[in-house]
Amino acid sequence: MEIEGRVVLVTGAASGIGRASALALASAGARVAVADIDADGAGETVRQIEAAGGTATALAVDVTDAAQVQSMVTAAEEHFGGLDIVHNNAGILVPTHDLAEADLDRTLAMVHINFTAVLLGTRAAIPALQRRGGGAIVQTASVAGLVVYPGNPVYAATKAGVVGFTRSLAHLNEEMNIRVSCICPERVDTPLISGALAGGTLPPGVSLIRPEEVAVGVVQLVRDDQAVGAVMKISPGQPPEMLEDFPTWGVERS
Ligand SMILES: NC(=O)c1ccc[n+]([C@@H]2O[C@H](COP(=O)([O-])OP(=O)(O)OC[C@H]3O[C@@H](n4cnc5c(N)ncnc54)[C@H](O)[C@@H]3O)[C@@H](O)[C@H]2O)c1
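I will try to describe carefully the structure that is included in this document. (Residues numbered from 1 in each chain as written. Predicted model: local features only at pLDDT ≥ 70, side-chain atom pairs only at ≥ 80, totals over all residues.)

## Points about the sheet that holds strand E8 (residues 241-243)
Strand order in the open sheet formed by eight strands is E3-E2-E1-E4-E5-E6-E7-E8, and the pairing between neighbours is mixed. Each edge of the open sheet carries a strand with a single partner, namely strand E3 (55-60) and E8. The average undirected angle you get between the axes of adjacent strands in this sheet is 20°. Across five bridges, strand E6 (residues 178-185) lies against strand E7 (residues 230-234) in parallel orientation. Bridge pairing in E7 links Pro185 to Ile234. Together, strand E1 (7-11), strand E4 (85-88), strand E5 (135-140) and E6 form the strand contacts of helix H4 (residues 104-130), whose direction differs from that of E4 by roughly 175°. Seen against the sheet, helix H5 (residues 153-167) touches E5, E6 and E7 and runs at an angle of roughly 155° to E6. (Pairing = 2+ DSSP bridges. Helix = DSSP H or I, 4+ residues; strand = E, 2+ residues; numbered from the N terminus. Axes fitted to C-alpha atoms, helices over the stretch in contact; angles between N-to-C directions. Contact = placed C-beta atoms within 7 Å.)

## Some points on the site of the ligand
Neighbouring the ligand are 30 residues; Gly12, Gly16, Gly91, Thr190 and Leu192 lie closest to it. Looking at the shell around the ligand, its residues break down into 13 nonpolar, 13 polar and four charged. (Near = placed C-beta within 6 Å. Nonpolar A, V, L, I, M, F, W, Y, C, P; charged D, E, K, R; others polar.)

## Points about unusual backbone geometry
Only a minority of non-glycine residues have a phi that is not negative, and only a minority of peptide bonds are not trans. The phi torsion at Asn177 lies on the positive side, around 60°, for a residue other than glycine. Along the polypeptide, Asn177 turns up in the loop between helix H6 (171-176) and E6.

Here it is in structure tokens:
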């Protein structure tokens, strides 16, 4: 899909990967709805896009609230006259290695922000994209959703959920010209990871990816018409890698 002239909505776009994605898509010629619960950060992303010559608007949203997610999609459509591309990206990281000790409210908030919100954002986007004859949805998953990750089993489960959801929506391409794909970055240099490290250091041999490198992967997934139910891994210092050969289980609807 050509990005020039399209309308894009990015959630979690006040910071980190979402801000980099919003800036990259704007510099590729899209008009961008910058959605986040952090209104000041969203405003700053809009300012940076406009300073670079792009067009953007900020939308305040809690992505875990179905009514707010619907209003966010409607607002983007009304502001720009339609919607073509959605990047469901907002997420948080709450420690859950010691599951019985982990804060339950924060743990459930992570499930809702990292998984439920992706479901809500995708569900609300489908009719909007259909009104334009199709479109692209990119989800931010994580490499944590592809591996056994005892360091944070609930985070891993939310991200595995996003990967499975993405792959199981590949049929939308044939049915309504909507391509769903996801990115699975390793550790990225954002407030999320600095918060998790809490002043500690990275394990030996581990380096951080820049958010701008992840945004390159997002742009590639939007442009690539073959990226259908696609899972893209992003590792430090390497080109994005498309993961293939996942088995498919049945075609019946249940
Ligand atoms: N940083 C990493 O190492 C890394 C690696 C792989 C995947 N990810 C994923 O990338 C995504 C973006 O994370 P990041 O690293 O850029 O973190 P970040 O903290 O820089 O940005 C996350 C954004 O999400 C927003 N957000 C949080 N809860 C929200 C809510 N309820 N409603 C609306 N917005 C909300 C925050 O305000 C923030 O702007 C997340 O899904 C994260 O799980 C991060």
